[in-house]
Amino acid sequence: MSRRSELVLFWVAVAILLATHMLRFGQAGQPLWFGWMPVDFGFRLAWVAAATVLVFWMTGRLWPDRG
Amino acid sequence: MQANAIRIAVVVAYFVIVLIIGAVAYRRTTATAEDYFMGGRSARSLVLFMALFGTNITPFVLMGIPGLAYHHGIVVFGHNAAIVVLGIPLTFWLIGYPAWIAAKATGSLTPAELYAKRFGSRRFGWLMFAVFFVYTVPYMVTAVFGVGLAVDVLSEGQIGLAEASAGILVITLIYTSLGGMRATMWTNVFQGGVFLGFSLLAFVLIARDLGGLATIMQEVQQRTPALFERSEAPPFQTGAWASWALAIALTVIAFPHMMVRVFAAADPTALKNACRFYPLAMVLLWVPAVLFGIWGTVEIPGLVGKQSDRIFPLLVLNHLGPTLQGLAVASILAAVMSTLDAQLLTLSSMLTRDVLPTRIDERMQVRISQLFVVVIAVITWLIVIQEPASIFTVASLSFSGYVTVVPTLLLGLRWARFTVVGATCSLLLGNAVLLASWLEWLPSLGLLPVAWGLMAAIVGAVVGSLLSRPTDPAVAAVVLGPLRDRAAKIST
């Protein structure tokens, strides 16, 4: 994959992640996940994990190494 | 009385360690401006990360966020924490990295100095200094006010807000004015460790004391189920949610004290590693902060308005012994001092480098800077003792103001056609619209003032640049030249 294609793919992934940031979830009387985790909190932690993957992608492949 | 003696002993031990680190840094610092303000541009991964991260750890997180979560619940985590995990590394890459290259190549020590060189206009440096000053002082006020509140609660009223805030300012002044950037970065490594360590320890111990994580969370759900529901209260409607995401993701790179620390990086690897460390560190920082606020509703119900800013120290007081209470004060002091030192040093360096006449020699610059640090500290203290609005409210005004600088920071490094007229229009229009929107002189249409301020800053930048004469290529090349050279080197 060319660098340009990879950059496009990266920014598409960023846009998707930013769009999903707008999603919000209520508990609606459901039990907490694992007995302690509210649904929205679980979603946010998953979101953070996805963001972390993007950060490692960015720093590992897209950010030039030579200082 | 004995409990108080233990708390004070722990805090004194913390102060002694900080001052020792500051003294060692002072002995290593030479009297050149580059060394005093930049620590010799030698910060490697761990020191740089802790210095940057320390700047993120403020009473806004430790006091303001639990206070907000107390009223609004789990939604506060998504509202504030998640987006910065992506926003901070992205802005470090897009703005921080080229700014680091250009600052190193031009010998710039402050953001205002770098952008004044970019446009060949010292007056633009004054304007940037003014904008940064206006938004940094309130942010410093939230920091010092937060620690004053915490000490007031944890000393059970024996040390008041005025005394506590004066004490922290004096200690911070000593090591910052003597040791400069090196002292602030080295102490930040220790302070970040103290803060994170205590925060996690308190999280585990308080949860255990409340019957365990599952027990307390289920009790919250039973008593106040609204804290786990999707909130449509004023800060959380769709437009406001998107606006705040914009604010909190973009604001950090525009903190002048953050940008200066980016300049101090030894190499790009240090910057990249700092980005990699951020996600985990932010989770460790924010999860306890939000959950403390939520748990507090069970333990101490009925707090109204900004009273909830006290919820974290109140929980500490109820659940931890005097040694850990002393450590709590030390960790809050660490949170405050790690930001306050950077803010004091950066404002003073901007004054001496960007505002005062250039003929002043470097030794005199350092001395004037040390004096100016004292003046800023006194101004901050005088505002703090007036007991301003809630920490979240004051901090959100500062964050919004910094966001209006982002178009200038980005376009100044990445758009050759960007002119000093465009940059000036961007700052003036962005801040005028932000202020008008904040005062509700303009219809919000569901968005927060920061979104309108940012849009106005972008329009001002583009229209002002296209309607004005291009910058002399030789002037722009001073800053943009090193960036082009770097891009060419990488593509070969």
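Residues numbered from 1 in each chain as written. Chains lettered and ligands numbered in written order. Predicted model: local features only at pLDDT ≥ 70, side-chain atom pairs only at ≥ 80, totals over all residues.

> Could you give me a rundown of helix α13 (residues 311-319) of chain B, with the residues and numbers involved?
Of the residues making up α13(B), those classed as buried are I311(B), F312(B), P313(B), L314(B), L315(B) and V316(B). Tucked inside the fold, the buried residues of α13(B) contact α4 (59-72), α7 (122-154), α8 (161-209), α12 (268-299) and α14 (322-355) of chain B. (Buried ≥ 20, exposed ≤ 12 C-beta atoms within 10 Å, placed from the backbone. Helix = DSSP H or I, 4+ residues; strand = E, 2+ residues; numbered from the N terminus. Contact = placed C-beta atoms within 7 Å.)

> Which residues make up the packing of helix α1 (residues 2-28) of chain B against α14(B), and what are the values?
Residues and elements named next belong to chain B. Where α1 contacts α14, the two axes come as close as 8 Å, and the packing angle between them is 35°. Both α1 and α14 take part in a crossing whose hand is right-handed. Residue-level inspection shows A3, I6, R7, A9, V10, V11 and Y14 of α1 in contact with α14, the latter providing P322, T323, Q325, G326, L327, V329, A330 and L333. Split into classes, the residues belonging to the contact of α1 with α14 amount to eleven nonpolar, three polar and one charged. (Axes fitted to C-alpha atoms, helices over the stretch in contact; angles between N-to-C directions. Left-handed = near helix turned anticlockwise from the far one by under 90°. Nonpolar A, V, L, I, M, F, W, Y, C, P; charged D, E, K, R; others polar.)

> Kindly report on the interface of chain B and chain A, identifying the contributing residues and their values.
With 34 residues of chain B in contact, the opposing surface of chain A contributes 27 residues. For the side of chain B that touches chain A, the elements supplying multiple residues, two or more each, are α5 (75-106), α9 (213-223), α10 (238-254), α12 and α20 (473-491) of chain B. When residues of the side of chain B that touches chain A are assigned to their parent elements, the largest contribution, ten residues, is made by α5(B). For the side of chain B that touches chain A, the per-class residue count stands at 23 nonpolar, five polar and six charged.

> Give a description of the packing of α4(B) against α7(B) that names residues and reports values.
Residue and element names in this part refer to chain B. Between α4 and α7, whose axes approach to 9 Å, the crossing angle comes to 60°. Here α4 is positioned oblique relative to α7, judged by the angle of their axes. The chirality of how α4 crosses α7 is left-handed. On the side of α4, the interface is formed by P59, F60, L62 and M63, while α7 contributes T142, A143, G146, V147, L149 and A150. (Parallel < 35°, antiparallel > 145°, perpendicular 65-115°, else oblique.)

> Kindly report on the nonpolar core, identifying the contributing residues and their values.
Residue and element names in this part refer to chain B. Among the nonpolar cores identified, the biggest contains 191 residues, and V144, V147, V290, A328, L333 and V336 are the most heavily contacted of them. Considering every element that reaches this core, the biggest residue donor is α7, with 19 residues. In contact with V290, other than residues within four places in its own chain, are I65, A69, I74, V76 and F77. (Core = buried A, V, L, I, M, F, W, Y, C linked by C-beta atoms within 7 Å.)

> Lay out the environment of Y26(B) in plain terms, naming residues and giving numbers.
Residue and element names in this part refer to chain B. Looking at the element boundaries, Y26 is found in helix α1. For Y26 and T176, which are 150 residues apart along the polypeptide, the C-alpha to C-alpha distance reads 9.2 Å. If near-sequence neighbours (up to four positions away) are discounted, Y26 is found in contact with L178, G179 and A183.

> If you had to explain unusual backbone geometry to someone new, which residues and values would you point to?
Residue and element names in this part refer to chain B. Notably, E440 is not glycine yet its phi reads approximately 60°, a positive angle. If you trace the backbone, E440 turns up in the loop between α18 (420-438) and α19 (449-466). Phi angles above zero are rare outside glycine, and L445 is one such case at about 50°. Tracing the backbone shows L445 in the loop between α18 and α19. For L445, a count of 8 C-beta atoms within 10 Å corresponds to the exposed category.

> How would you sum up the environment of P89(B)? Please name residues and give values.
Among the secondary structure elements, P89(B) is positioned in helix α5. Look at P89(B) and you get buried, because 27 C-beta atoms sit within 10 Å. Separated by 185 residues in the primary sequence, P89(B) and A274(B) place their C-alpha atoms 8.3 Å from one another. Once residues within four sequence positions are removed from consideration, P89(B) is found in contact with V55(A), M58(A), C275(B) and Y278(B).

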